[in-house]
Amino acid sequence: MPIGVFDSGVGGLTVMREIMRQLPEENILYLGDTARVPYGTRSPETVVKYSVENTEFLMSRGIKLLVVACNTSSSVSLDILKDKFPVPVIGVVEPGARAAVANTRLKKVAVIGTETTIKSGSYEKAIKALDGSIKVSGVACPLFVPLIEEGWLEGEVVTLTAEKYLEPLKHNGADTLVLGCTHYPMIKGVIERVAKIPLIDSAIETAKEVRRALGAADMLRQDSTDGVKEFFVTDATEKFVRTGERFFGHRIINISKISLP
Ligand code: DGL
C-alpha cells in the first residue's frame with residue numbers, strides 16, 4: 001500500500017521529495033488541496049475540516065501511513081486525525097521540534113510560519129515538551145507563501161520582505177531557526193542570508209520519522225524498484241504542475257483533479 005501525503009497545495013512536495021530521496025521504493029499518493037489553499041490564514045476549525053476531508057479521500061484509496069505535509073494542518077489537526085483514522089499519522093511539527101532541540105546550544109529557538117501555525121503555539125509546545133528550559137519565539141510571515149507561489153524565490157521583493165519579517169530575530173539571540181512552513185525551503189537561501197541563523201528544514205526530519213515508523217511497524221516496501229507516485233489536486237492540474245515541479249525537483253505526471261465534499 002502507498003504512503004498518503006497531503007498539503008494545502010504545492011508546499012508539501014518539499015516533504016515528498018525528501019521521502020522519495022530516503023525511501024525511493026515506496027509508493028506515494030500526494031493530495032494538494034489547491035482549490036482551498038492557503039490554510040495558513042484560516043481558522044483552526046476550517047483547517048481541521050479540510051484536513052479530515054483530505055484524509056478521508058486518501059484513506060478511500062488505501063494508504064498504510066499518512067504524512068500531514070503542512071505545518072498549519074499539523075499544528076491544529078494532528079491529534080484529531082490520529083484519533084479518527086486507523087493508520088499511523090506523522091506531522092511535520094514534531095520532527096522539526098526534535099531537530100531544533102538537538103541543534104540549539106544557547107537554548108533559544110525561533111520559528112517562522114503562517115499566522116495559524118504561529119498563533120497555535122504548536123512548535124513552542126512540542127519544543128518545551130522535549131526541553132522545558134528552551135525559549136521559543138515565533139514570527140508569522142504571511143507574505144512568503146504568495147511570493148513563493150508566484151515564483152519570486154530570489155531578488156529584491158522577497159529579500160526586503162524577509163528583512164522586514166526577520167528583523168526581530170536578529171536581536172533575540174536565537175541560534176536555531178525553524179522553517180515552520182513547507183513552502184519556506186524554497187527561499188532557504190534568502191532566509192539564511194538575511195537571518196544569519198542556522199536553519200532547520202523539517203522535511204528532512206519528517207522523512208526520517210516516516211522511515212522509522214514504517215520500519216518499526218514492519219511496513220517498509222520490500223522491493224528495490226522505484227515506487228509509483230500519483231498526484232491528486234482539487235483545482236486545475238496545470239498550475240500545480242508548473243509551480244510544483246520547482247518545489248519537487250522531478251516531473252509531475254500521473255495527476256488527476258478530484259472533488260472533495
Ligand atoms: N503548507 C502550508 C504550511 O506549511 C503553507 C501554505 C498555506 O498557508 O496553506 O503551513
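Our subject in this report is the structure included herewith. (Residues numbered from 1 in each chain as written. Predicted model: local features only at pLDDT ≥ 70, side-chain atom pairs only at ≥ 80, totals over all residues. Heavy atoms only, no water.)

## What about the packing of helix 1 (residues 13-22) against helix 10 (residues 202-216)?
Relative orientation of the contacting elements helix 1 and helix 10 amounts to 50 degrees, with a least axis distance of 8 Å. In terms of orientation, helix 1 lies oblique with respect to helix 10. Crossing handedness for the pair helix 1 and helix 10: right-handed. Seen from helix 1, the contacting residues are T14, V15, E18, I19 and Q22; seen from helix 10, they are A203, I204, T206, A207, K208, V210 and R211. (Axes fitted to C-alpha atoms, helices over the stretch in contact; angles between N-to-C directions. Helix = DSSP H or I, 4+ residues; strand = E, 2+ residues; numbered from the N terminus. Parallel < 35°, antiparallel > 145°, perpendicular 65-115°, else oblique. Left-handed = near helix turned anticlockwise from the far one by under 90°. Contact = heavy atoms within 4.5 Å.)

## Some words on the packing of helix 4 (residues 93-103) against helix 6 (residues 122-130)
Between helix 4 and helix 6, the shortest axis-to-axis distance is 9 Å and the interhelical angle comes to 55 degrees. For the element pair helix 4 / helix 6, the angle class is oblique. Of the two elements, helix 4 crosses helix 6, and the hand of that crossing is right-handed. Between helix 4 and helix 6, the residues in contact are V93, G96, A97, R98, A100 and V101 and S122, Y123, A126, I127 and L130, respectively. Looking at the contact of helix 4 with helix 6 residue by residue, the class counts come to eight nonpolar, two polar and one charged. (Nonpolar A, V, L, I, M, F, W, Y, C, P; charged D, E, K, R; others polar.)

## Examining the layout of surface pockets
Its volume calculated, the largest pocket comes out at about 330 Å³. What lines the largest pocket is a set of 15 residues, and nearest its centre among them are L78, V93, E94, S122 and A126. Elements represented by at least two residues in the lining of the largest pocket include exactly helix 3 (71-84), helix 4 and helix 6. Among the elements that make up the lining of the largest pocket, the one with the highest residue count is helix 3 (seven residues). By residue class, the composition of the lining of the largest pocket is six nonpolar, four polar and five charged. (1 Å grid on protein atoms, 1.4 Å probe; cavity = no way out; pocket = protein on both sides within 12 Å on 5 of 7 lines; lining within 4 Å. Points joined across faces, edges and corners; volume = space filled by probe spheres on them.)

Everything listed is a geometric property; what it means functionally is a separate question.
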